[in-house]
Protein chains: 6
Amino acid sequence: MGQGSITRRYRFCAAHRLHTDHLSVEENRVVFGKCNNPNGHGHNYVVLVTIGCPSTVQSRQAVGIDELDRIATERIVNRFDHHDLNQDPEFATQTTTGENLVLLIWDLLVPQIPDGQLKKVAVIETRDNYFEYMGAAPFAARS
Amino acid sequence: MGQGSITRRYRFCAAHRLHTDHLSVEENRVVFGKCNNPNGHGHNYVVLVTIGCPSTVQSRQAVGIDELDRIATERIVNRFDHHDLNQDPEFATQTTTGENLVLLIWDLLVPQIPDGQLKKVAVIETRDNYFEYMGAAPFAARS
Amino acid sequence: MGQGSITRRYRFCAAHRLHTDHLSVEENRVVFGKCNNPNGHGHNYVVLVTIGCPSTVQSRQAVGIDELDRIATERIVNRFDHHDLNQDPEFATQTTTGENLVLLIWDLLVPQIPDGQLKKVAVIETRDNYFEYMGAAPFAARS
Amino acid sequence: MGQGSITRRYRFCAAHRLHTDHLSVEENRVVFGKCNNPNGHGHNYVVLVTIGCPSTVQSRQAVGIDELDRIATERIVNRFDHHDLNQDPEFATQTTTGENLVLLIWDLLVPQIPDGQLKKVAVIETRDNYFEYMGAAPFAARS
Amino acid sequence: MGQGSITRRYRFCAAHRLHTDHLSVEENRVVFGKCNNPNGHGHNYVVLVTIGCPSTVQSRQAVGIDELDRIATERIVNRFDHHDLNQDPEFATQTTTGENLVLLIWDLLVPQIPDGQLKKVAVIETRDNYFEYMGAAPFAARS
Amino acid sequence: MGQGSITRRYRFCAAHRLHTDHLSVEENRVVFGKCNNPNGHGHNYVVLVTIGCPSTVQSRQAVGIDELDRIATERIVNRFDHHDLNQDPEFATQTTTGENLVLLIWDLLVPQIPDGQLKKVAVIETRDNYFEYMGAAPFAARS
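Residues numbered from 1 in each chain as written. Chains lettered and ligands numbered in written order. Predicted model: local features only at pLDDT ≥ 70, side-chain atom pairs only at ≥ 80, totals over all residues. Heavy atoms only, no water.

**Structural notes on the overall build of chain A**
- Scanning chain A from N- to C-terminus turns up 3 helices and 5 strands.
- In sequence order, chain A lays out its α and β elements as β-α-β-α-β-α-β-β.
- Residues counted as buried form 55% of the 143 residues belonging to chain A.
- Excluding contacts between residues fewer than 6 apart, the proportion of contacts in chain A whose partners are at least 24 apart in sequence is 70%.
- Within the structure as shown, chain A displays about 6,300 Å² of accessible surface, and the carbon and sulfur contribution to it stands at 54%. (Helix = DSSP H or I, 4+ residues; strand = E, 2+ residues; numbered from the N terminus. Buried < 20%, exposed > 50% of the residue type's maximum accessible area, 1.4 Å probe, protein only. Contact = heavy atoms within 4.5 Å. Areas by Shrake-Rupley, 256 points an atom, 1.4 Å probe, with all protein chains shown as cover.)

Right under this line is the structure:
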């Protein structure tokens with residue numbers, strides 16, 4: 001089987017604030033800087049979802065993209081668009097960093113997509129900031 | 001004098017929520033839709049500031065840009081970057097729409113820039129949304 | 001009244017071919033070059049629609065944008081997206097150049113938008129090609 | 001040998017229509033939706049071609065890029081630019097999906113490029129749609 | 001006549017250094033900062049040329065664009081691409097600022113384009129820097 | 001451990017000229033074409049630096065990015081921004097091609113970044129030109 005893939009681009013606008021209850025108010029300010037400002041700030045997030053092409057049976061392609069769009073819209077865009085990430089239950093005990101966000105999006109998508117087809121999730125937070133996750137490496141536990 | 005201009009691009013990340021105290025909770029939801037979601041959302045805002053070139057005396061150019069950068073950073077970027085627009089005192093009685101934001105940025109910049117040199121302020125809120133203000137038209141009051 | 005404006009961005013993918021019945025087959029080839037190739041080619045068109053801000057009454061803003069989106073989607077995107085421009089009745093007797101397309105989009109939008117609020121329509125055909133129309137100049141007939 | 005690569009960007013504008021003779025008129029409409037509209041639509045396609053850097057002998061670099069440009073222009077840009085993909089002989093029996101297009105471009109380029117240097121071909125169809133092919137995986141037949 | 005326009009995008013890569021003989025070595029360093037570094041630096045310049053659409057006679061359009069491309073390539077791209085702007089004779093006595101460059105490009109193009117059709121020249125120097133010139137205002141000498 | 005990564009984007013404007021002392025004046029002209037023009041030209045270079053995410057301990061993230069920014073600014077941006085690459089001591093004996101530049105940036109960064117965390121360095125020279133280096137492959141010497 002060849003190594004082909006399709007990437008679809010989704011977007012949502014959300015507020016967030018970098019802050020962890022494991023640190024004091026002062027430590028949070030030192031570690032996260034202006035990203036820890038009270039009341040938060042926000043971004044136009046871009047999410048790129050890459051799935052492998054399992055076959056070249058032609059008529060299955062468009063269905064695959066439609067289905068992926070439905071899944072990503074329901075699970076990701078509707079959940080985060082025009083919301084405050086810090087209020088999301090999954091972020092109750094972790095910080096809303098790009099690293100954690102890309103992992104959460106992976107974890108929300110992977111049960112919906114059959115056959116190990118999900119290859120990569122990427123999050124663009126600002127034009128200078130890009131996060132990527134390609135799943136746990138084979139024969140290695142995710143720490 | 002020729003009609004030349006320089007445009008500089010600045011950026012800030014901010015949270016906001018469309019909401020006005022002039023409307024009821026239900027009316028706010030109808031008028032502003034998902035932009036009225038509690039806890040707000042956010043954007044990577046881009047601000048474009050255009051000033052006229054008052055002369056071609058060459059050595060004055062770089063100074064002009066440095067000075068404009070200092071003004072825009074102090075008055076705009078430092079004020080809004082990594083903040084919640086709805087907490088800004090200027091937005092205490094008006095909604096944080098793009099139209100109001102571009103007017104506010106104009107009003108913050110214009111007293112700092114000599115000689116009617118400020119020609120245009122533009123705000124890009126998302127890739128599909130763009131606001132522009134070029135000052136009050138001559139012989140017309142700003143309503 | 002101030003000179004403020006809002007610009008919204010829309011997109012459609014369409015086929016077209018530059019060809020006019022006023023010229024012979026050979027003349028068409030000379031005038032339009034590869035754009036005259038039989039069977040046509042296509043583009044990801046971007047349409048930018050700019051409307052003036054008639055007032056700063058805040059609650060009217062979002063309504064205005066929602067309404068503009070509804071009009072542009074119904075009149076422009078639904079009409080041209082995933083179609084062949086040369087089959088459009090309005091292009092039965094004129095060539096599908098960017099100049100003609102931007103004029104047609106203006107003419108389709110202007111009766112839907114009250115009060116002379118439509119300020120500008122622009123069409124991006126390729127990254128190197130941009131067309132703009134701002135209406136007939138005052139006191140001048142459109143030729 | 002280090003894992004270095006060069007990517008060059010090419011573009012062509014083409015028409016296409018998603019349709020397969022293996023399905024009925026009605027099935028085509030269900031599977032491909034608006035992409036199956038009669039008369040087709042089109043895109044500004046971007047093609048990214050990545051080749052490995054086989055050595056650091058400096059004077060060979062520019063030659064390599066010139067040569068790659070010549071090959072990609074002759075084999076890809078001249079073939080598809082301002083044409084209808086559905087008329088291409090290679091698409092006589094398969095659908096002009098992005099997956100098939102990226103495979104075809106790979107197959108057209110690979111015999112022209114020595115030494116397994118071709119590493120990746122990518123096609124951007126719209127700003128939200130991206131296809132990639134990196135060749136058949138080692139020890140695996142391409143299905 | 002309607003207010004329509006076409007904008008074409010051209011590019012060139014050039015070196016330059018901000019420096020004027022009217023200032024001392026030390027003054028140049030203060031005024032131009034790192035842009036005055038010896039040996040210069042460089043940019044990927046983008047030039048946007050806007051011409052008015054004088055008529056809607058369809059067959060004249062493509063010719064107009066071809067002709068504009070020929071003029072801009074000969075007069076601008078070939079002159080500046082892969083050159084050092086400071087070596088250009090026109091910059092012998094003036095500094096290679098964006099303001100001066102956009103004026104020079106206007107002056108090089110305007111004699112080639114009939115009938116006052118040239119409406120605007122813009123130069124993008126970096127993603128944060130944009131220069132524009134629209135000709136001398138009517139009834140006003142260019143200073 | 002999962003395969004996550006962060007990519008940061010940096011920029012510098014620099015002059016350069018493709019030329020090698022191993023070739024004659026005439027050979028240089030043939031091999032490098034207009035890139036060999038005397039006095040050089042220049043680019044707005046973009047550098048993308050990708051580091052692996054070694055752990056999900058949340059409070060370490062922002063520190064990591066701050067630290068990476070400090071390293072990249074000190075070692076790369078300050079060194080090359082507004083300079084002529086051909087004057088850099090590291091380019092005394094090699095040509096300032098994109099391939100050599102991406103290797104040099106890797107070599108300047110890798111001793112500053114602990115634990116094999118540097119995963120990829122990429123250089124965008126123009127919008128059509130992209131260079132990437134991911135380190136020497138395991139069990140293979142870099143030629």
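Moving on, there is more to tell.
**Remarks on the interface of chain A and chain B**
- In this complex, chain A contributes 23 residues to the contact, which on the side of chain B involves 23 residues.
- Buried area between chain A and chain B, both sides added, is near 1,900 Å², and the carbon and sulfur share of it is 45%.
- In terms of surface lost to chain B, no three residues of chain A exceed Arg11, Asn44 and His82 of chain A, which account for 31% of the buried area on that side.
- A salt bridge links Asp81 of chain A to Lys34 of chain B; the nearest nitrogen and oxygen atoms lie 2.8 Å apart.
- Our count for the chain A to chain B interface comes out at 14 residue pairs in polar contact (both at pLDDT 80 or more).
- Listing elements by their share of the side of chain A that touches chain B, those giving two or more residues are strand S1 (2–16), strand S2 (41–52), strand S3 (83–84) and strand S4 (118–126) of chain A.
- Per-element accounting of the side of chain A that touches chain B gives the leading share, 5 residues, to S1 of chain A.
- Of the residues belonging to the side of chain A that touches chain B, the class tally is 4 nonpolar, 11 polar and 8 charged. (Buried area = accessible area lost by both parts, 1.4 Å probe. Salt bridge = Lys/Arg side-chain N within 4 Å of Asp/Glu carboxyl O. Polar contact = N/O pair within 3.5 Å; in protein donor to acceptor, adjacent residues only side chain to side chain. Nonpolar A, V, L, I, M, F, W, Y, C, P; charged D, E, K, R; others polar.)

**Thoughts on helix H1 (residues 25–32) of chain D**
Residue and element names in this part refer to chain D.
- Where H1 is concerned, the buried positions are Asn28, Val31 and Phe32. Along the axis of H1, the buried positions cluster into a sector of 75°, meaning they face one direction only.
- Positive phi shows up at Gly33, right after H1, with a value of about 55°. (Arc of directions from axis to C-beta.)

**A closer look at unusual backbone geometry**
- You will see that Asn39 of chain C, though not glycine, has its phi angle at about 75°, which is positive.
- The residue Asn39 of chain C is located in the loop between helix H1 (25–32) and strand S2 (41–52) in this model.

**Observations regarding the environment of Met134 of chain C**
- Structurally, Met134 of chain C can be placed in strand S5 (residues 129–136).
- Taking C-alpha positions, Met134 of chain C is 17 Å from Val46 of chain C, a pair spaced 88 residues apart along the chain.
- Beyond its immediate sequence surroundings of up to four residues, Met134 of chain C is in contact with Trp106, Lys119 and Lys120 of chain C together with Gln3 of chain E.

**A short note on the relation of the copies chain A and chain B**
- The two copies are related by a screw operation: chain A maps onto chain B through 180° of rotation and 0.0 Å of translation along the axis, at an RMSD of 0.0 Å. Between the two chains, the operation in question is that of a two-fold axis.
- Mapped onto chain B, 100% of the interface residues of chain A are again interface residues, and the two copies thus contact each other with one and the same surface. (Least-squares fit on C-alpha atoms with pLDDT ≥ 70 in both.)

**Quick word on the confidence of the model for chain A**
Residue and element names in this part refer to chain A.
- Residue-level pLDDT values for chain A average 87, and 87% of them are 70 or greater.
- Here residues 56–63 is a poorly scored stretch, pLDDT under 50, and it has 19 contacts once near neighbours within four places are set aside; other chains count.
- With pLDDT under 50 throughout, residues 139–143 is counted as low confidence; its partners more than four residues away or in other chains account for 12 contacts.
- Complex prediction metrics read pTM 0.89 and ipTM 0.85. (pLDDT = per-residue confidence, 0-100.)

**A short note on the pairing of strand S4 (residues 118–126) of chain B**
Residue and element names in this part refer to chain B.
- As paired elements, strand S2 (residues 41–52) and S4 share 6 bridges and run antiparallel to each other. Directly across from Ile51, in S4, lies its bridge partner Leu118.
- Pairing between S4 and strand S5 (residues 129–136): 5 bridges, direction antiparallel. Residue pairing in the sheet places Thr126 in a bridge with Asn129 of S5.
- What sits between the antiparallel neighbours S4 and S5 is a turn of 2 residues. (Pairing = 2+ DSSP bridges.)

**Topic: the packing of aromatic side chains**
- Across all of its chains, the model carries 18 aromatic pairs over all chains by this definition.
- With 5.1 Å between their ring centres and 25° between their planes, Phe12 of chain D and Tyr45 of chain D make a pair best called stacked. One end of the pair, Phe12 of chain D, is in strand S1 (residues 2–16); the other, Tyr45 of chain D, is in strand S2 (residues 41–52), with 33 residues separating them in the sequence. For the pair Phe12 of chain D and Tyr45 of chain D, a shared accessibility class is recorded, and that class is buried.
- In textbook terms, an aromatic cluster arises when at least three aromatic residues are bridged by ring pairs, as seen for Phe12, Tyr45 and Phe80 of chain A. (Phe/Tyr/Trp six-rings, centres within 6.5 Å; stacked < 30°, edge-to-face > 60°.)

**Let's talk about the pairing of S2 of chain C**
- Extensive coverage of S2 of chain C is indicated by the burial of 12 of its 12 residues.
- Across the two faces of S2 of chain C the burial is the same, with His41, His43, Tyr45, Val47, Val49 and Ile51 of chain C and Gly42, Asn44, Val46, Leu48, Thr50 and Gly52 of chain C all buried.

**Looking at the pattern of salt bridges**
- On inspection of all chains with the given rule, the structure shows 59 salt bridges over all chains.
- Salt-bridge contacts for Arg29 of chain E lead to Glu26 of chain E; the nearest nitrogen and oxygen are separated by 3.2 Å. Within this pair, Arg29 of chain E and its partner Glu26 of chain E are both found in helix H1 (residues 25–32), separated by 3 residues, close to a single helical turn.
- Since its relative accessible area comes to 47%, Arg29 of chain E is described here as partly exposed.
- Within the structure, one salt-bridge network assembled from shared partners comprises Arg11 of chain A, Asp128 of chain B, Arg9 of chain C together with Arg127 of chain D.

**So, the environment of Gly42 of chain B**
- With respect to the helices and strands, the residue Gly42 of chain B is situated in strand S2.
- Once the C-alpha coordinates of Gly42 of chain B and His16 of chain B are considered, the two residues, 26 residues apart in sequence, prove to be 5.6 Å apart.
- What Gly42 of chain B contacts, discounting residues up to four positions off in sequence, is Cys13, Ala14, Ala15, Gly42, His43 and Asn44 of chain A together with Ala14, Ala15 and His16 of chain B.

**What to know about the environment of Phe12 of chain E**
Residues and elements named next belong to chain E.
- For Phe12, a relative accessible area of 2% corresponds to the buried category.
- Sequence spacing of Phe12 and Glu99 is 87 residues, and the spatial spacing of their C-alpha atoms is 17 Å.
- Sequence-distant contacts of Phe12, defined by excluding residues within four places in its chain, comprise His43, Asn44, Tyr45, Val47, Ile76, Phe80, Asp81, Leu85, Leu101 and Ile105.

**A word on the state of the cysteines**
- Scanning the entire structure with this criterion turns up 0 disulfides over all chains.
- There is no disulfide at Cys35 of chain B, and the cysteine sulfur nearest it, in Cys13 of chain A, is 8.3 Å away. (Disulfide = S-S within 2.5 Å.)

**Quick notes on the side chain of Asp69 of chain F**
Residue and element names in this part refer to chain F.
- Mapped onto the fold, Asp69 is located in helix H2 (residues 60–80).
- A polar atom in the side chain of Asp69 sits 2.5 Å from the side chain of Tyr10.
- When sequence neighbours within four positions are dropped, the list of residues in contact with Asp69 reads Arg8 and Tyr10.

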